[in-house]
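# Notes for the structure review
So the chains spell out like this:
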Amino acid sequence: VRQLQGTAWNSEVAAFCEQEVPLIIKPVESCGSDGVKLCKTMGEAEAHFNLLMTGQRKLGAQGAAVLCQEFLQGKEYVVDCVTRDGVHKTTFVWVYDKREANGGGFVYFGMIPVPSDDPVAKVLIDYTVGCIDALAIANGATHNEIMMTKDGPCLVEVNCRVHGHSGSWLPLTDRCTGGITQVRSNLDIFVDGAAFDALPAVPRPFVASGTIVMLVSYQEGEEVQATPGFETIKTLPSFTTITESVVVGMPLKLTVDLFDCPGVVVLVHDDATVIDADLATIRKLEEECKLFEVAPRKSKARKATE
C-alpha cells in the first residue's frame, strides 16, 4: 500500500495527497474505522488531516500521527493464522461487509465466512503466509487484513494477535469447523505442540453455515428505554449468541463506526437459507428502527438509505 505518515500538513504530505487523491486519511492509533475517511479532494484531505491531529480519537493518543494511504478498491478480507516455529496454519477466512451509513463511509455490517476451497480464499491464504514469512513472525497468532483488488491481493495490515471483537465470533468458527478456533490453536502453540501439528494447514470444509451480524442503529436518543429488537433476534432459528453493547438506560448513537455498533449477533445453522431469512429479519428491524425504544424528547431517527 502506498502511504505516508505525518504529524503536520506540510509540502511533503500535500504532494503525496495530490498524487493519490482520492485517498484514505486515518489515524495511526485507533481501530474499527474510527477516524477513517475517504477524501475526494485536497481540501477534504487537509481538513481531515488537521482534524485528526488536533482531536482525540476513541482509541489511542491524541496527535500521535496521521496516515495518508492510497485508496484500494475491492473487497476487504481477513485471514486468521497461527504460527509455531515458522509453520503457519490458517484457522479461518472472512470477508467484511462494510457500507456507507449515517454519514460514515466504512460502517461494519458484518463478517461472512469464506470456505477454504473458494478460489479467492486459496489466493489469500498463500499471499498471507508469504507476508507473515516476510515479517519473520515465527510464533503466535496473526489477524491479517487484505484487500482483493483488480490487480490481486494487497496487504492492509498484520496484527500480532488473535481476531478481536471480544471473541464474539468464536461460537461460529467452533461450529463451522468442527472444533477449530484461532484462540484454542494459539494456546496449542505454547502448551501442546502435538495438537498444533495435527491442525490442518487450511480450514476444514464447513459443517454448518453462519454469519456475524454487526447491528447498525439508524436511531439516536438520550436514553434507551427498551430493547425489543434484541428479544426478537433471540427467537430466530439460527440465533446463537448476541453481544449487547447498548442496554436500557444508556444513550443511543447513530452507528458510524465499530465503536457505535449497538451489538454483535452470531447466526449459525445447518441450513444456509435459514441464515439468509434471519439476516433479512434483523436488517428489517434496523431499517424500521425497531431495535430500540428511546426517550422521545431528544431522540431522532434517520432513514436507512441516508
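Our subject in this report is the structure included herewith.

According to the stated counting rule, one finds five aromatic pairs in the structure shown. Measuring from ring centre to ring centre gives 5.4 Å for F92 and F206, while their planes differ by 20 degrees; the resulting arrangement is stacked. With a gap of 114 residues between them, F92 in strand β6 (residues 87–101) and F206 in the loop between α6 (193–198) and β10 (209–214) connect regions that are remote in the sequence. Since its relative accessible area comes to 2%, F92 is described here as buried. A ring pair is formed by Y96 and Y108, whose centres lie 5.2 Å apart and whose planes are at 90 degrees; its orientation type is edge-to-face. With Y96 in strand β6 and Y108 in strand β7 (residues 104–113), the pair connects residues that are 12 residues apart, well separated along the chain. Residue Y108 is classed as buried on the basis of its relative accessible area of 7%. Pairwise contacts between aromatic rings join F92, W94 and F206 into one cluster. One Lys or Arg, K89, reaches over the ring of F196 and ends 4.7 Å from the middle of that ring. The residue whose ring lies beneath R99 is F109, and the NZ or CZ to ring-centre distance is 4.1 Å.

Cut-off values and rules
- Residues numbered from 1 in each chain as written.
- Predicted model: local features only at pLDDT ≥ 70, side-chain atom pairs only at ≥ 80, totals over all residues.
- Heavy atoms only, no water.
- Phe/Tyr/Trp six-rings, centres within 6.5 Å; stacked < 30°, edge-to-face > 60°.
- Helix = DSSP H or I, 4+ residues; strand = E, 2+ residues; numbered from the N terminus.
- Buried < 20%, exposed > 50% of the residue type's maximum accessible area, 1.4 Å probe, protein only.
- Lys NZ or Arg CZ within 6 Å of the ring centre and 35° of its normal.

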